[in-house]
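Structural characterization, general
Spelled out from the first residue to the last, the chains are:
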Amino acid sequence: MKYNRLGSTNMYVSPVAFGVLTMGNTQLDLPLQEGAELIKYAMSRGINFFDTAQYYRTYPYLREALKDVDMSKDAKDRPIICTKSLDLSYEEMEFAIEEAMRDMDLEYVDIFLLHEVRQDPDWESRRGAWQCLIDYKAKGVIGAIGVSTHHVDVVERMAGVAECDVVFPLINYAGLGIRKGAEHGTPEEMKAAIEKCAAAGKGLFAMKAFGGGNLTGTYLKALNYVSSIDGIDSIMVGIGKKEEIDNLVDFAEGKLAADFQPDVSKKKIRIDPGDCEGCGTCIERCPNKAIFRNDDGIAVVNHDICLTCGYCAPVCPVRAIIMF
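Structure report, in brief.

Thresholds applied
- What you see as residue numbers is a count from 1 along each chain, following the sequence as written.
- Only residues with pLDDT of at least 70 get local features here, since the model is predicted, and only at 80 or more are side-chain atom pairs given and counted; chain-wide, interface and lining totals rely on the full set of residues.
- Here the side-chain values reflect all heavy atoms present in the structure, with hydrogen atoms and water set aside.
- Strands here are runs of E lasting at least two residues and helices are runs of H or I lasting at least four, both read from the DSSP assignment and numbered beginning at the N terminus.
- We compute the radius of gyration from the C-alpha atoms alone; for a globule the expected value is 2.2 Å times N to the 0.38, where N is the number of residues.
- Note on classification: 1.4 Å probe, protein chains only; a residue is buried when its accessible area is under 20% of the maximum for its type, exposed when over 50%, partly exposed between these limits.
- The Shrake-Rupley method, run with a 1.4 Å probe, gives the accessible areas here. Residue values count only the displayed protein chains as cover.
- Two residue types count as positive, namely Lys and Arg, and two as negative, namely Asp and Glu; His and chain ends fall outside the count.
- To locate a charge, the coordinates of NZ of Lys, CZ of Arg, CG of Asp or CD of Glu are taken.
- Note on definitions: a residue-residue contact is assigned when non-hydrogen atoms from the two residues lie within 4.5 Å.
- Two strands qualify as a pair provided DSSP detects at least 2 bridges between them.
- As a rule, the C-alpha atoms of each element are fitted with a line to give its axis, helices using only the stretch in contact, and angles between N-to-C directions run from 0 to 180 degrees.
- For our purposes a nonpolar core is just a set of buried Ala, Val, Leu, Ile, Met, Phe, Trp, Tyr and Cys residues, chained together by side-chain atoms within 4.5 Å.
- Two rings from Phe, Tyr or Trp (for Trp, the six-membered ring) form a pair when their centres are within 6.5 Å of each other. A pair whose planes differ by under 30 degrees is stacked, one over 60 is edge-to-face, and the rest are tilted.
- Note on definitions: salt bridges are taken to be side-chain nitrogens of Lys or Arg within 4 Å of carboxyl oxygens of Asp or Glu.

Time to look at the overall build of the protein. Across its full length, the protein holds 10 helices and 16 strands. For a compact globule of 324 residues, the expected C-alpha radius of gyration is about 20 Å, and the protein comes in at 19 Å, within 12% of that figure. Taking the principal axes of its C-alpha atoms as reference, the protein extends roughly 55 × 45 × 35 Å. Considering the protein as a whole, with its 324 residues, one finds that 53% of them fall into the buried category. As displayed, the protein has an accessible area near 14000 Å², and 48% of this comes from carbon and sulfur atoms. With 36 positive and 48 negative side-chain charges, the protein shows a separation of 3 Å between the mean positions of the two kinds.

What follows is the structure in structure tokens.
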């Protein structure tokens with residue numbers, strides 16, 4: 001497998017990468033050993049790039065998978081770990097960094113991001129956390145810093161932020177989850193913003209190529225679209241099975257059959273309670289009245305009557321509707 005340099009950093013990443021969120025308790029809730037074995041299997045197939053986050057609660061999987069791997073800062077061919085935090089203040093981010101290092105048993109974190117940065121004033125409110133990342137990079141504790149975001153305007157802004165090394169944007173051919181300010185954004189707008197960042201030397205790895213699983217039925221179209229964008233160094237995909245690793249590696253190595261079609265017959269529409277903001281747009285859009293609010297005000301799917309039509313996914317403003 002050919003590895004790509006991540007922007008102007010000294011990191012070289014596999015063109016397809018492993019999002020660890022999927023195996024956590026908000027989705028598949030895999031047993032610790034099963035999840036760790038998946039990570040080790042991915043490494044054996046050449047995937048060297050893994051994404052997690054403070055609020056995913058998936059650090060134990062990585063700790064278990066990496067316990068026999070030399071993860072010292074200068075270790076040759078060490079897997080690259082990216083994590084993220086939603087915190088705002090310097091002190092909160094400092095705790096998040098220390099927590100990540102402790103819970104994954106690391107002395108060094110390759111990439112640390114501000115998680116899900118939205119349009120202003122969100123960026124301004126997180127200046128303390130951003131300064132903490134800058135300081136810890138200067139100390140040599142973190143290799144590269146940046147942001148993850150669903151917002152076109154944030155990606156555009158990062159092109160001009162000198163301290164930002166990497167950007168983790170949401171992009172897919174259908175535009176599912178792409179935002180621009182308080183409105184929906186388009187794939188074309190996000191693509192242009194990504195290319196602007198690439199021209200500024202930022203490393204870029206993409207999330208949600210399958211739109212939270214809603215586009216898995218058009219597997220090759222989804223991956224080909226994102227991989228064709230200038231500046232995308234890696235595509236991060238949520239993984240829960242060995243066959244998904246094999247398919248991704250075959251795609252990256254050009255070995256996947258042109259007529260490949262994954263089996264999505266058992267997938268169901270679900271709503272991530274950690275992302276849902278209870279706005280009700282999916283409830284209004286559902287043609288079969290299969291979505292309702294629970295006692296906490298969060299949208300929930302009644303799978304007994306859900307048609308799995310996917311009409312709800314494009315209208316969700318926060319990309320909370322997933323399919324697995």
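On we go from here.
A few words now on helix α9 (residues 242–252). All of the buried residues in α9 are Ile 245, Asn 247, Leu 248, Val 249 and Phe 251. Looking at the buried positions of α9, the neighbouring elements they touch are β3 (16–19), α1 (32–44), α8 (219–227) and β12 (232–238). Of the residues one or two after α9, Gly 254 is the one with positive phi, at around 70 degrees.

Taken in spatial order, the eight strands line up as β3-β4-β5-β6-β7-β8-β11-β12 and close into a barrel, and their pairing is parallel. In this sheet, adjacent strand axes meet at a mean angle of 30 degrees when their direction is disregarded. Taken together, the five bridges between strand β6 (residues 109–114) and strand β7 (residues 142–149) define a ladder with parallel strand orientation. Across the sheet, Phe 112 pairs through a bridge with Ile 145, a residue of β7. Strands β6 and β7 of the sheet are contacted by helix α5 (residues 127–138), whose axis makes an angle of about 155 degrees with β7.

Let us now look at the nonpolar core. Within the largest apolar cluster, 88 residues are counted, with the highest numbers of intra-cluster contacts made by Phe 18, Ile 97 and Ile 111. A total of six residues in this core trace back to one element, the largest contributor, which is helix α3 (residues 90–104). Excluding its chain neighbours within four sequence positions, the residues that come into contact with Ile 97 are Phe 112, Cys 132, Leu 133, Tyr 136, Val 141 and Ile 142. Counting residues in hydrophobic clusters, the runner-up holds 19 residues, among them Ile 298, Cys 316, Val 318 and Met 323.

This part takes up unusual backbone geometry. At Asp 105, a residue that is not glycine, the phi angle is positive and equals roughly 55 degrees. Note on Asp 105: relative accessible area 55%, which makes it exposed. One non-glycine residue, Lys 208, lies in positive phi territory at about 60 degrees. You can see Lys 208 is positioned in the loop between β11 (203–206) and α8.

What follows concerns the packing of aromatic side chains. One pair of aromatic rings is described through two measures. These are the centre distance and the angle between the planes. Inspection of the entire model under this criterion finds seven aromatic pairs. Note on Phe 49 and Phe 205: the rings are 4.9 Å apart at their centroids and 65 degrees apart in plane angle, and the pair reads as edge-to-face. Here Phe 49 is found in strand β4 (residues 49–51), whereas its partner Phe 205 is found in strand β11, with 156 residues between them in sequence. Residue class for Phe 49 comes out buried when judged on its relative accessible area of 0%. Note on Phe 168 and Phe 205: the rings are 4.4 Å apart at their centroids and 25 degrees apart in plane angle, and the pair reads as stacked.

With that out of the way, let us pick up the side chain of Glu 116. With respect to the helices, strands and loops of the structure, Glu 116 is situated in the loop between β6 and α4 (122–125). For Glu 116, a relative accessible area of 15% gives the class buried. With near-sequence residues (within four places) excluded, Glu 116 lies in contact with Tyr 55, Leu 86, Asp 122, Arg 126, Ser 148, His 150, Asp 275 and Arg 319.

Before going further, it helps to spend a moment on the pattern of salt bridges. Across all of its chains, the model carries 16 salt bridges by this definition. As a salt-bridge pair, Lys 67 and Glu 64 come within 2.9 Å of each other at their nearest N and O atoms. A relative accessible area of 54% places Lys 67 in the exposed class. The class for Glu 64 is buried, based on a relative accessible area of 16%. Asp 275 is paired through a salt bridge with Arg 319; the nearest N and O atoms lie 3.4 Å apart. Highlighted residues: Asp 275 in the loop between β13 (269–271) and α10 (281–285) and Arg 319 in the loop between β15 (299–301) and β16 (321–323), separated in sequence by 44 residues. Side by side, Asp 275 and Arg 319 carry an identical accessibility label, which is buried. Through salt bridges with shared partners, one network takes in Glu 116, Asp 275 and Arg 319.

Alternating residues of β11 divide into Gly 203 and Phe 205 and Leu 204 and Ala 206, and every residue in both groups is buried. With two bridges connecting them, strand β8 (residues 166–169) and β11 associate as parallel partners. Each residue of the ladder has a partner; that of Val 166, found in β11, is Gly 203. Judged from the three bridges that link them, β11 and β12 form a sheet pairing that is parallel.

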